[in-house]
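# Coordinate analysis (summary)
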Amino acid sequence: MLINLTDVLSCDEKVVKRTVETELKSFDTGLGCYPLSEEEPLQLTLTNLGKDKLLIEGSVKVKTEIPCDRCLTKVETLIPLTISREVDMKQTAEGRIDDLDETDFIIGYNLDTEKLVYGELLVNWPMKTLCREDCKGICRKCGRNLNEGPCGCDTVELDPRMAVIAEIFKNSN
């Protein structure tokens, strides 16, 4: 959803509060596509700081299913986002790119709430997701989820530096 910022920028120290329904239905990255099962409305506060500076503050909670990093079972995860960005409206889009300013959510005098939430999700995405703290993962040989029970595969792994000695003992029998 695009929000026109001219009303906020028209008067110094003006504050506008908005509740915005975002239309972001999934979070798509190079790692995969994660459908968003629940998303609260974005509580947004826009403050004109004067001298063409705008403060964007907001909060939203997003719920999605992320695969467990050990066993790949889907884990329902709630990601709370707190947004606080100061934007210099005097800069052009090219100037922001040159300054490595990541404000691609400002298009002219419009705020794109989907891009804002997407960028915050990208930064706040969990580094590691586990279905439970003692998750045993999957078997390296057969792929069975070890949380459901043992698979029966031979799990003994010898140190590769000792392979020559192991061959000697094999050949002597």
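I will try to describe carefully the structure that is included in this document. From a predicted model like this one, the values you see are computed outputs, not experimental measurements.

### Concerning unusual backbone geometry
Trans is the common state for peptide bonds, and a negative phi is the common state for residues other than glycine. One non-glycine residue with positive phi stands out, namely E13, at about 65 degrees. Residue position: E13 is located in the loop between helix 1 (6-9) and strand 2 (15-20). Its identity is not glycine, yet L72 carries a phi of approximately 70 degrees, on the positive side. Position of L72 relative to the elements: it lies in the loop between strand 6 (53-67) and strand 7 (74-88).

### Describing the sheet that holds strand 9 (residues 110-112)
In space, the three strands of this open sheet follow the order 1-9-8, with antiparallel pairing throughout. If you trace the sheet from one side to the other, it starts and ends with strand 1 (2-4) and strand 8 (106-107), each paired once. Pairing analysis gives three bridges linking strand 1 to strand 9, with the strands arranged antiparallel. Residue pairing for strand 9: I3 is matched across the bridge by L111. Along the sheet, helix 3 (residues 113-124) makes contact with strand 1 and strand 9, crossing strand 9 at roughly 45 degrees.

### Points about the packing of aromatic side chains
Any two aromatic rings considered together are summarised by their centre-to-centre distance and by the angle between their planes. Enumeration according to the criterion identifies three aromatic pairs in this entry. Ring plane angle 45 degrees and centroid distance 5.0 Å describe the contact between F27 and Y118, whose orientation is recorded as tilted. Here F27 is found in strand 3 (residues 26-29), whereas its partner Y118 is found in helix 3, with 91 residues between them in sequence. With relative accessibility at 1%, the residue F27 sits in the buried group. Judged by centre distance (4.9 Å) and plane angle (45 degrees), the rings of Y34 and W125 are tilted. Here the residue Y34 occupies a position in strand 4 (residues 32-39), and W125 occupies one in the loop between helix 3 and helix 4 (163-172), the gap between them amounting to 91 residues. The buried category is assigned to Y34, whose relative accessible area is 11%. Judged by its relative accessible area of 15%, W125 is buried.

### So, the nonpolar core
Note on soluble globular proteins: their nonpolar side chains tend to be buried together. Core analysis: the largest hydrophobic core is formed by 30 residues, its most contacted members being L44, L46, I56 and L111. Of all the secondary structure elements, the ones that give two or more residues to this core are helix 1, strand 2, strand 4, strand 5 (42-50), strand 6, strand 7 and helix 3. By residue number, the principal contributor to this core is strand 6, which donates five residues. When near neighbours in sequence (up to four residues on either side) are disregarded, L111 contacts M1, L2, I3, L5, L44, L46, I56, F105, I106 and L116.

Parameters at a glance
- Residues numbered from 1 in each chain as written.
- Predicted model: local features only at pLDDT ≥ 70, side-chain atom pairs only at ≥ 80, totals over all residues.
- Heavy atoms only, no water.
- Helix = DSSP H or I, 4+ residues; strand = E, 2+ residues; numbered from the N terminus.
- Pairing = 2+ DSSP bridges.
- Contact = heavy atoms within 4.5 Å.
- Axes fitted to C-alpha atoms, helices over the stretch in contact; angles between N-to-C directions.
- Phe/Tyr/Trp six-rings, centres within 6.5 Å; stacked < 30°, edge-to-face > 60°.
- Buried < 20%, exposed > 50% of the residue type's maximum accessible area, 1.4 Å probe, protein only.
- Core = buried A, V, L, I, M, F, W, Y, C linked by side-chain atoms within 4.5 Å.

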